[in-house]
Amino acid sequence: MQKVLTGTSQLSTLANYLQSNEVHRVLLLTGKHSYTASSADSILEPDLSGFQVSKFYDFSNNPKIEDVTKGIQIFRRNECQAIIAVGGGSVLDMAKLIKAYQDFESDLASGVMRNDVGPCDTPLIAL
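Computed from a prediction, not measured in an experiment: that's the story for all the values here.

Caption draft 1: A look at the overall build of the chain. In terms of helices and strands, the chain carries 5 helices and 4 strands. Secondary structure elements of the chain, listed N to C terminal, follow the sequence α-β-α-α-β-α-β-α-β. By the burial criterion, 34% of the 127 residues in the chain qualify as buried. Restricting the contact set of the chain to residue pairs at least 6 apart, pairs at least 24 apart contribute 74%. For the chain, the computed accessible surface area is about 7700 Å², with 50% contributed by carbon and sulfur atoms.

Caption draft 2: Examining the environment of A15 more closely. Residue placement: A15 occurs in helix 1 (residues 12–20). Accessibility expressed as a relative area gives 14% for A15, which makes it buried. Separated by 35 residues in sequence, A15 and G50 have C-alpha atoms that sit 8.3 Å apart. Discounting chain neighbours no more than four positions away, the residues touching A15 are D47 and F51.

Caption draft 3: Inspection of the pattern of salt bridges at higher detail. In total, this model carries 3 salt bridges according to the counting rule given. Among the salt bridges present, the one from K55 reaches E45, with a minimum N-O distance of 2.9 Å. Here K55, found in strand 2 (residues 52–56), pairs with E45, found in the loop between helix 3 (40–44) and strand 2; they are 10 residues apart in sequence, far enough to count as distant. Residue classification places K55 among the partly exposed positions, given a relative accessible area of 44%.

Caption draft 4: Examining the sheet that holds strand 3 (residues 82–86) more closely. The sheet built from 4 strands is open, its strands ordered 2-1-3-4 with parallel pairing. Looking at strand neighbours, the two that pair on one side only are strand 2 and strand 4 (124–126), the edges of this open sheet. Strand-to-strand twist of the sheet, defined as the mean angle between neighbouring strand axes without regard to direction, takes the value 20°. Here strand 1 (residues 25–30) pairs with strand 3 via 5 bridges, running parallel. Its bridge partner lying in strand 3, L29 is registered against A85.

Caption draft 5: Highlighting the packing of aromatic side chains. Tallied over the full model, the rule gives 1 aromatic pair. Measuring from ring centre to ring centre gives 5.2 Å for F56 and F59, while their planes differ by 50°; the resulting arrangement is tilted. A relative accessible area of 3% means that F56 is categorised as buried. With relative accessibility at 6%, the residue F59 sits in the buried group.

Caption draft 6: Representation of the side chain of S54 within the structure. Relative to the assigned elements, S54 resides in strand 2. Within the structure, S54 has its side chain in polar contact with the side chain of N78 (distance 3.4 Å). Setting aside residues no more than four positions away along its own chain, S54 makes contact with V26, L27, L28, I74, N78 and C80.

About the criteria used
Residues numbered from 1 in each chain as written. Predicted model: local features only at pLDDT ≥ 70, side-chain atom pairs only at ≥ 80, totals over all residues. Heavy atoms only, no water. Helix = DSSP H or I, 4+ residues; strand = E, 2+ residues; numbered from the N terminus. Buried < 20%, exposed > 50% of the residue type's maximum accessible area, 1.4 Å probe, protein only. Contact = heavy atoms within 4.5 Å. Areas by Shrake-Rupley, 256 points an atom, 1.4 Å probe, with all protein chains shown as cover. Salt bridge = Lys/Arg side-chain N within 4 Å of Asp/Glu carboxyl O. Pairing = 2+ DSSP bridges. Axes fitted to C-alpha atoms, helices over the stretch in contact; angles between N-to-C directions. Phe/Tyr/Trp six-rings, centres within 6.5 Å; stacked < 30°, edge-to-face > 60°. Polar contact = N/O pair within 3.5 Å; in protein donor to acceptor, adjacent residues only side chain to side chain.

Treat this as a map of the structure, not an account of what it does.
Here is the structure:
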């Protein structure tokens, strides 16, 4: 179920949302420089201090299959339970691709994929 909150005052609900959904580990996708340049880091990170956060920002402006595969590996290796995307189009594209393909057992580049675990229910939070 999609839920839309607007305004910076809603950021305070982020930690509550994660806690109420028993999320302890998140994958944080950001732009390479915009996350810090916009001060989003200083606004968001205090709310995430009680969570294990794995950051991923080293991907192309137009994400490539290799970038998505790398993001999925980070997601899996750190046993992330939610994805938070902070940034523009490429960041949001990457977050959606990781969410969509995280449960597939294959190499995305091969074009042959198996999904034995059913649809993913990982929360995706876009800021």
